[in-house]
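Secondary and tertiary structure notes
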Amino acid sequence: MPSNSQSGRISLVTGASRGIGYATALEIAKRGGTVIALARTVGGLEALDDEIRAAGGKAVLIPVDLQEQEQLSRLPAALQDRFGRLDGLVLNAGLLGPLTPVTDILGKEWHETFVVNLHANLALLQLLHPLLVKSDAVRVVGITSGAATKVKPFWGAYAASKAAFNALLKSYAAENVEREFKVNLLDPGPTATVMRADAMPGEDPNTITQPSEIAEWITDLLDTSTEKNGEIISYPRPWDAIAAQ
């Protein structure tokens with residue numbers, strides 16, 4: 001994509017203080033877009049802002065806990081006053097949840113996993129939709145996981161929350177098909193993030209995809225030239241092709 005492909009566009013990224021969200025916010029800014037970066041970790045947001053400014057970009061930092069509905073509810077008015085619309089939305093923030101047998105999942109762990117991976121995203125879609133409809137070319141990307149369909153033992157809470165998230169985004173895509181909305185999901189596969197390290201301790205992060213590579217794909221999907229809608233797009237992984245031979 002051209003280096004200025006996001007020029008004049010305003011995009012919001014959740015989970016922007018590290019990993020895929022951080023890299024995506026930076027990539028959007030490098031392509032000329034204005035980034036609204038959401039995350040709980042203030043230090044990570046400040047580091048992101050430093051990098052974006054060094055690259056000549058613009059960012060608005062919003063420390064927010066996605067589990068706090070009251071904090072989320074303040075977003076629309078603040079964004080309306082400052083920008084008046086929203087062109088792009090990257091629903092990236094996620095919680096791994098407990099890796100444990102289904103019979104051992106605690107109610108609190110189940111609830112927290114679904115609040116972050118599903119309920120908060122529903123709230124954001126509802127709260128930000130009035131701003132999105134003011135854009136002439138809306139692009140929404142949700143970060144999903146192969147765990148939603150290729151369910152493994154002990155991954156029940158995460159897999160269930162991501163499967164529900166997929167259904168939510170696909171429904172939103174279908175409901176807005178008459179508008180200039182393109183809503184897709186991206187499955188990045190094994191990526192060198194903190195979540196991946198928690199799930200796969202001992203794995204060499206240099207042997208899997210880096211967040212910056214995924215960020216390029218996400219930002220391409222935010223481009224106005226994107227025609228895909230309601231799809232789950234899997235980042236190509238060379239080792240999959242090798243294994244299939």
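Residues numbered from 1 in each chain as written. Predicted model: local features only at pLDDT ≥ 70, side-chain atom pairs only at ≥ 80, totals over all residues. Heavy atoms only, no water.

Here the focus is the sheet that holds strand β6 (residues 181-187). Spatially, 7 strands are ordered β3-β2-β1-β4-β5-β6-β7 in an open sheet, and the strand pairing comes out parallel. The open sheet has two edge strands with one neighbour each: β3 (58-63) and β7 (232-234). The mean inter-strand angle of the sheet, taken between neighbouring strand axes irrespective of direction, is 20 degrees. Judged from the 4 bridges that link them, strand β4 (residues 88-91) and strand β5 (residues 138-143) form a sheet pairing that is parallel. Along β5, the bridge assignment pairs L89 with V140. This element, helix α2 (residues 42-54), spans β2 (34-39) and β3 of the sheet and lies at about 175 degrees to β3. (Pairing = 2+ DSSP bridges. Helix = DSSP H or I, 4+ residues; strand = E, 2+ residues; numbered from the N terminus. Axes fitted to C-alpha atoms, helices over the stretch in contact; angles between N-to-C directions. Contact = heavy atoms within 4.5 Å.)

Locating T193 in the fold gives a position in the loop between β6 and α7 (194-199). Once you skip the residues sitting within four places of it in the chain, T193 turns out to touch G19, I20 and P211. Among the polar contacts listed, one links the side chain of T193 to the backbone nitrogen of R196, at a separation of 3.1 Å. (Polar contact = N/O pair within 3.5 Å; in protein donor to acceptor, adjacent residues only side chain to side chain.)

Right, let's get into the pairing of β5. Every other side chain in a regular strand lies on the same face of the sheet, so the side chains alternate between the two faces. With 6 of 6 residues buried, β5 lies mostly within the body of the structure. Across the two faces of β5 the burial is the same, with V138, V140 and G142 and R139, V141 and I143 all buried. Assessed by its sense of winding, the connection that carries the chain from β4 through helix α5 (residues 107-132) to β5 is right-handed. As paired strands, β5 and β6 are joined by 6 bridges and run parallel to one another. Bridged to V138 within β6 is F181. Regarding topology, helix α6 (residues 156-175) serves as the crossover connection from β5 to the parallel β6, and that connection is right-handed. (Buried < 20%, exposed > 50% of the residue type's maximum accessible area, 1.4 Å probe, protein only. Right-handed = clockwise from strand over helix to strand, strands pointing away.)

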